[in-house]
Amino acid sequence: MRRTNKFISLALAILMVFTLTACPESFESAMVRAVREMEKVESVHADTVLDMGFSIAAMGETLDMDVGMDMSMDTAGDLTSGELSVNMLGVDVSVLYIVEKRGEVFDVYLSMDGGSTWTSQLSVTSEQLTEGDLNLSYDAGALVNFYLEFATNFSDAVDESINGLNCSRYDGTFPGSQLMEAMSMSGGGSMLEGVDGETLPDAPISIWIDKSSGLPARISLDMTEAMSQYAGNLLDSSGLDGATMTVDKIGVTVDLSEYNSAEPMPVPTT
């Protein structure tokens, strides 16, 4: 049976959640089945939405600012491709990207014109890929792995339909100590510069498991309260009044689909 390392890791992460959290029998059974099904997964498509809203007060005026980041990606083996779209202050910017892992480094290909022309950055480290100017998520399986590994304290299942699938939704918590990395992996790493050693509160998380396939269909994380604290402390550390900026919403939603049928774009030849 062919397996990629990333999906073996994901299966182990799900198993860790199952063994280390005191959850109802229904969640326990769902995780056992998820481990079995994930062992067969070789590719997956992920649609990630990072939705942020802020209110900034200065000189008697208040500015409401919404920022949206949409990232779709297909991962198969060591190859990931996708499209990253950012909307801020009414301006839309989109970029196609391809990331190929080569050992411990990555080759990155970017296109701003829909794939007609490409630029490349070769032998990029994982830190350079997820931070700074790139801010790219390069592995759909690893993204899901990260959320499932740390989520705990799940409630009983709630029946809910997601993208036409009959799912069981489990509501739990995600540790504040991992939220900075969650933002970075979801494309918001550039927002996290400033306060060192920040301790954030835990955040609500929900996981939907497809009843038919037993695979994760959606993961949703609400970081509004935690990032509101972060933003206030960031401004305070800069000598500004933390009350001048309010975080209205920050949430990440990841929809999973096309298990074993997702096909990344090939690496450009020129």
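As the structure is a computational prediction, the values presented were derived from the model and not from experiment.

A. Layout of the pairing of strand S10 (residues 216–222). The element S10 is largely enclosed, with a buried count of five among its seven residues. Sheet topology places strand S9 (residues 203–210) next to S10; five bridges connect them, and they run antiparallel. The partner of Ile207 across the bridge, within S10, is Ile219. Between S9 and S10, which pair antiparallel and follow one another directly, the connecting turn spans five residues, one of which, Gly214, has a positive phi of 80°.

B. The arrangement of the side chain of His45 in detail. By secondary structure assignment, the location of His45 is in strand S1 (residues 43–58). The class for His45 is buried, based on a relative accessible area of 10%. At a separation of 2.7 Å, a polar atom in the side chain of His45 contacts the side chain of Asp74. Excluding residues that lie within four positions of it along the chain, His45 makes contacts with Ser72, Met73, Asp74, Asp255, Leu256, Ser257, Glu258 and Ala262.

C. Layout of helix H4 (residues 140–150). Taking burial as the measure, the 11 residues of H4 include eight buried ones, the bulk of the element. All of the buried residues along H4 are Ala140, Gly141, Leu143, Val144, Asn145, Phe146, Tyr147 and Leu148.

D. Summary view of a nonpolar patch on the surface. A contiguous nonpolar patch, built from Val91, Val93 and Met112 and spanning about 290 Å² of accessible area, is present on the exposed surface. Note on placement: Val91 falls in strand S4 (residues 91–102).

E. Structural detail: the confidence of the model for the protein chain. Of the residues in the protein chain, 77% have a pLDDT of 70 or more, and the chain-wide mean is 78. Throughout residues 1–25 the model reports pLDDT below 50, and contacts reaching past four residues in sequence, or to other chains, amount to 50 contacts.

F. The arrangement of unusual backbone geometry in detail. If you check the backbone angles, Ser123 has positive phi at about 55° while not being a glycine. Inspection of the secondary structure assignment puts Ser123 in strand S6 (residues 119–124). Among the residues examined, Ser123 registers a relative accessible area of 41% and is labelled partly exposed. Of note, the phi angle at Glu258 is positive, near 50°, even though the residue is not glycine. Of note, Glu258 is situated in the segment after strand S11 (245–257). A relative accessible area of 39% places Glu258 in the partly exposed class.

Conventions adopted
- Residues numbered from 1 in each chain as written.
- Predicted model: local features only at pLDDT ≥ 70, side-chain atom pairs only at ≥ 80, totals over all residues.
- Heavy atoms only, no water.
- Buried < 20%, exposed > 50% of the residue type's maximum accessible area, 1.4 Å probe, protein only.
- Helix = DSSP H or I, 4+ residues; strand = E, 2+ residues; numbered from the N terminus.
- Pairing = 2+ DSSP bridges.
- Polar contact = N/O pair within 3.5 Å; in protein donor to acceptor, adjacent residues only side chain to side chain.
- Contact = heavy atoms within 4.5 Å.
- Patch = residues over 30% accessible without salt bridge, like charges linked within 9 Å, V, L, I, M, F, W, Y side chains within 5 Å.
- Areas by Shrake-Rupley, 256 points an atom, 1.4 Å probe, with all protein chains shown as cover.
- Salt bridge = Lys/Arg side-chain N within 4 Å of Asp/Glu carboxyl O.
- pLDDT = per-residue confidence, 0-100.

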